[in-house]
Amino acid sequence: NAGVMQNPRHLVRRRGQEARLRCSPMKGHSHVYWYRQLPEEGLKFMVYLQKENIIDESGMPKERFSAEFPKEGPSILRIQQVVRGDSAAYFCASSPLSGHSGNTIYFGEGSWLTVV
Amino acid sequence: AQRVTQPEKLLSVFKGAPVELKCNYSYSGSPELFWYVQYSRQRLQLLLRHISRESIKGFTADLNKGETSFHLKKPFAQEEDSAMYYCALKRPGNQFYFGTGTSLTVIP
C-alpha cells in the first residue's frame with residue numbers, strides 16, 4: 001500500500017506565477033488535509049477535504065489559495081500569483097473515511113515551494 | 001480558538017537527561033491525542049497515540065484530563081531524538097489539529 005504521494009517534491013516559481021501541488025492519498029483514504037510549514041516554524045493547518053467537498057478551510061488565506069479534491073484524481077492545492085512569502089513546505093495527509101477511534105492521519109513527504 | 005498548545009518552541013537537553021515536551025489542549029468532549037515526530041526534512045510520522053498507552057522509542061505520554069495535558073516524556077534523551085515534535089488532537093469527524101511544534105535538540 002503506497003503511502004501518501006505528493007508531487008512535485010520541489011517546485012521553483014517566479015513571483016506572479018501559479019503553483020500547483022498534488023496529493024494522492026493512501027489507498028482507501030477519502031479524507032485529505034493540507035498543512036503549511038514555514039521555515040523555522042511549525043505546522044499550520046490549511047484545509048480539510050473529502051472527495052468533492054471542502055469540510056474545513058479555516059486555515060486557508062482568503063486570496064490566491066484554493067484546494068480541491070475531485071471525484072477522480074489527486075487533491076490539488078493551487079496558489080495563484082505566488083509571492084516570496086509563499087515559500088514553504090506544503091504537507092498533505094490523508095485518513096480513512098471511518099472516524100473510528102484510533103484512526104490517525106498519514107503524511108506525505110511534502111512539497112517544497114521556493115518563490116524567486 | 002487554539003485547540004492544541006505547545007508552549008515551548010525550542011527545547012535543548014543534554015544526552016542522557018530526562019526530557020518533557022509539553023502539550024495542552026482545549027476540548028470539551030473526550031479527546032483523542034497523538035504525538036508526531038518529524039526528523040530533518042522528512043515526513044511527519046506518528047510517534048504514539050494516547051489510546052494505545054504504548055511506549056515508542058522510550059517515549060511515553062499520559063493523558064491528564066484534569067490538567068488537559070498530554071505531555072511527552074523520555075527518561076534519558078538520545079542524540080537521535082533531536083527532531084520536531086507535534087502534538088495533535090483529533091475531533092469527531094476526523095478533524096485533526098496540530099500544535100505549533102517543539103524543536104528538540106539533544107546536546108552530545
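The numbers attached to residues start from 1 for each chain and follow its sequence in the written order. The order in which chains are written sets their letters, starting at A; the order in which ligands are written sets their numbers, starting at 1. Only residues with pLDDT of 70 or above have their local features reported here, since the model is predicted, and side-chain atom pairs are shown and tallied only from 80 upward, although totals for entire chains, interfaces and linings are computed over all residues. The side-chain quantities take in all heavy atoms of the structure and omit both hydrogens and water.

1. Describing the state of the cysteines
All names here are of chain A.
So, step 1. The disulfide criterion used throughout: a pair of cysteine sulfur atoms within 2.5 Å. Scanning the entire structure with this criterion turns up two disulfides over all chains.
So, step 2. Between the sulfur of C23 and that of C92 lies a disulfide, 1.8 Å long from S to S. Because the sign of the S-S torsion sets the handedness, a value of about -60 degrees for the bond joining C23 and C92 places this disulfide among the left-handed ones. Of this pair, C23 sits in strand 3 (residues 19-24) while C92 sits in strand 9 (residues 88-96); the two residues are 69 residues apart in sequence, bridging distant segments of the chain.
So, step 3. Note on classification: 1.4 Å probe, protein chains only; a residue is buried when its accessible area is under 20% of the maximum for its type, exposed when over 50%, partly exposed between these limits. With relative accessibility at 0%, the residue C92 sits in the buried group. By the criteria applied, helices consist of DSSP H or I runs no shorter than four residues and strands consist of E runs no shorter than two, each listed in order from the N terminus.

2. Here we look at the side chain of A:D56
So, step 1. Within the secondary structure, A:D56 sits in strand 6 (residues 53-56).
So, step 2. Under the counting rule used here, the positive set is Lys and Arg, the negative set is Asp and Glu, and His together with the chain ends is not counted. Salt bridges are defined by distance alone: a side-chain nitrogen of Lys or Arg within 4 Å of a carboxyl oxygen of Asp or Glu. Of the side chains with opposite charge, B:R3 lies nearest to the buried A:D56, which makes no salt bridge, at 6.0 Å.
So, step 3. Two N or O atoms count as a polar contact when they lie within 3.5 Å, although within protein this holds only if one can serve as hydrogen donor and the other as acceptor, and sequence-adjacent residues are included solely when both atoms are side-chain atoms. There is a polar contact of 2.7 Å between the side chain of A:D56 and the side chain of A:S58.
So, step 4. Not counting chain neighbours up to four residues away, the residues in contact with A:D56 comprise A:F45, A:M46, A:V47, A:Y48, B:Q95 and B:Y97. Contacts: residue pairs with any heavy atoms within 4.5 Å of one another.

3. A word on the environment of B:L21
Residues and elements named next belong to chain B.
So, step 1. Locating L21 in the fold gives a position in strand 3 (residues 19-21).
So, step 2. On a C-alpha basis, the gap between L21 and Y85 in space is 8.1 Å, while along the polypeptide they are 64 residues apart.
So, step 3. Setting aside anything within four residues of it in sequence, one finds L21 in contact with E8, L11, W35, H71, L72, Y85, T102 and L104.

4. Topic: the pairing of strand 6 of chain A
Residue and element names in this part refer to chain A.
So, step 1. Being paired, for any two strands, means DSSP has found at least two bridges between them. Note that strand 5 (residues 43-50) and strand 6 share three bridges and pair antiparallel. Paired with L49 across the strands is I54, a residue of strand 6.
So, step 2. Taking the residues between adjacent antiparallel strands as the criterion, strand 5 and strand 6 are bridged by two residues, where E52 takes a positive phi near 65 degrees.

5. What to know about the environment of A:K62
All names here are of chain A.
So, step 1. Mapped onto the elements of the fold, K62 is located in the loop between strand 6 and strand 7 (65-68).
So, step 2. Taking relative accessible area as the criterion, K62 reaches 80% and is therefore assigned exposed.
So, step 3. In sequence terms K62 and P39 are 23 residues apart; their C-alpha atoms lie 21 Å from each other.

6. A word on the pattern of salt bridges
So, step 1. For the coordinates displayed, the defined rule picks out 10 salt bridges over all chains.
So, step 2. Of the charged contacts in the structure, one is a salt bridge between A:R20 and A:E18, with a shortest N-O distance of 2.8 Å.
So, step 3. Here B:K73 makes a salt bridge to B:E20, at a shortest N to O gap of 3.6 Å. Of this pair, B:K73 sits in strand 8 (residues 72-74) while B:E20 sits in strand 3, and the two are 53 residues apart along the sequence.
So, step 4. With a relative accessible area of 41%, B:K73 lands in the partly exposed category.
So, step 5. Taken together, the salt bridges that share partners define one network made up of A:R9, A:E109 and B:R43.

7. What about the nonpolar core?
Residue and element names in this part refer to chain B.
So, step 1. Side-chain atoms within 4.5 Å are what join buried Ala, Val, Leu, Ile, Met, Phe, Trp, Tyr and Cys residues into a set we call a nonpolar core. Counting residues in hydrophobic clusters, the biggest one holds 24 residues, and the most contacted among them are W35, L72 and Y85.
So, step 2. Those elements giving two or more residues to this core turn out to be strand 2 (10-14), strand 3, strand 5 (32-38), strand 6 (45-49), strand 9 (83-91) and strand 11 (102-107).
So, step 3. Sort the elements by how many residues they give to this core and strand 9 lands first, with four residues.

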